[in-house]
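A closer look at the structure
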Amino acid sequence: MRVLAIDTALANCAAAVLDDGTESGCFEAFGEEIGRGHAERLMDMIGEVMAETSTAFSDLDRVVVTIGPGSFTGLRVGLAVARGFGLVLGKPVVGITTLAAIARASAPMDGGAPLLVALTGKGNEVYCQEFDASGTKTGEASVRTISDLAASMPKCIRLAGSAAERVASELDLPGEQIISRAGFPGIRDVAELGLLADPVTASPSPLYLRPPDATPQTRGRIERQ
């Protein structure tokens, strides 16, 4: 199976082609930590990675895209592009969470203590999810305060993600329990999870854990414009 993977959920902008049907596992990726400007950079990256792997769009079996947690703007860019390709090509589009992809890269695979992936949120909040040592989710993604986590997490928990340092400090955990401080997923992990995902259940729908900060316009303001 050959997939095109796209990630614009967080600070990174990345695209990759992965084919598990070749002896070497054909893989090529382009990515940049850009913060903003995903819309301006993404299509160029997709063109570059398709050219480098000599892949025609008709060769793709599915499109994979990160669905969050992440920024509202970044998520909309990636999801719109992925859904557009899926519609035009008549191929399935699957969604992968940023938390699951970071867990795949960070999981110790030792049968030991569980893993909490935590990404920096607003103020004292983190976007987080628990996984076992193999990277399989054991809880649902949620937004929680660090103080709430400190009151409920076991002391044996291992940590990954951009908020790992803050959570470890709040829980008074030693540094060796921090496995990764990654602020965004690796695009290969996104692609590999996309190969395994079931299109029926892995919907390419944004995972919003909190409402947007934008204040809606009032009726009176609209009338004066």
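Anyway, here's the lowdown on the structure attached to this text. (Residues numbered from 1 in each chain as written. Predicted model: local features only at pLDDT ≥ 70, side-chain atom pairs only at ≥ 80, totals over all residues. Heavy atoms only, no water.)

Let's talk about helix α2 (residues 72-89)
- Counted at 1.5 Å a residue, the expected span for α2 with its 18 residues is 26 Å, and the 26 Å between its end C-alpha atoms agrees.
- When we look at burial in α2, the residues that qualify are Gly 74, Leu 75, Val 77, Gly 78, Leu 79, Val 81, Ala 82, Phe 85 and Gly 86.
- Considering only its buried residues, α2 is in contact with β1 (2-7), α1 (38-52), β4 (62-66) and β5 (93-96).
- At the C-terminal side of α2, Gly 90 shows a positive phi close to 70 degrees. (Helix = DSSP H or I, 4+ residues; strand = E, 2+ residues; numbered from the N terminus. Expected span 1.5 Å × (residues − 1). Buried < 20%, exposed > 50% of the residue type's maximum accessible area, 1.4 Å probe, protein only. Contact = heavy atoms within 4.5 Å.)

Observations concerning the nonpolar core
- In this structure, Leu 4, Ile 6, Leu 42, Ile 46, Met 50 and Val 117 are the most contacted members of the largest nonpolar core, which totals 32 residues.
- Here this core gets six residues from one element, more than from any other, and that element is α2.
- Not counting residues within four places of it along the chain, the set of residues in contact with Leu 4 comprises Ala 16, Val 17, Ile 46, Val 49, Met 50, Leu 60, Arg 62, Val 63, Val 64 and Phe 85. (Core = buried A, V, L, I, M, F, W, Y, C linked by side-chain atoms within 4.5 Å.)

Here we look at the side chain of Thr 98
- With respect to the helices and strands, Thr 98 occurs in helix α3 (residues 98-106).
- A polar contact is formed between the side chain of Thr 98 and the backbone oxygen of Pro 69, at a distance of 3.0 Å.
- If near-sequence neighbours (up to four positions away) are discounted, Thr 98 is found in contact with Ala 9, Leu 10, Thr 66, Gly 68, Pro 69, Leu 119 and Pro 185. (Polar contact = N/O pair within 3.5 Å; in protein donor to acceptor, adjacent residues only side chain to side chain.)

Observations concerning unusual backbone geometry
- Note the cis peptide between Gly 68 and Pro 69, where omega equals 0 degrees.
- Relative to the helices and strands, Pro 69 resides in the loop between β4 and α2.
- Phi is positive for Met 109, close to 60 degrees, though the residue is something other than glycine.
- Following the sequence through the fold, Met 109 ends up in the loop between α3 and β6 (115-120).
- The phi torsion at Asp 172 lies on the positive side, around 55 degrees, for a residue other than glycine.
- Assignment of secondary structure puts Asp 172 in the loop between α5 (164-171) and β10 (178-180).
- Using a relative accessible area of 66% as the deciding quantity, one classes Asp 172 as exposed.

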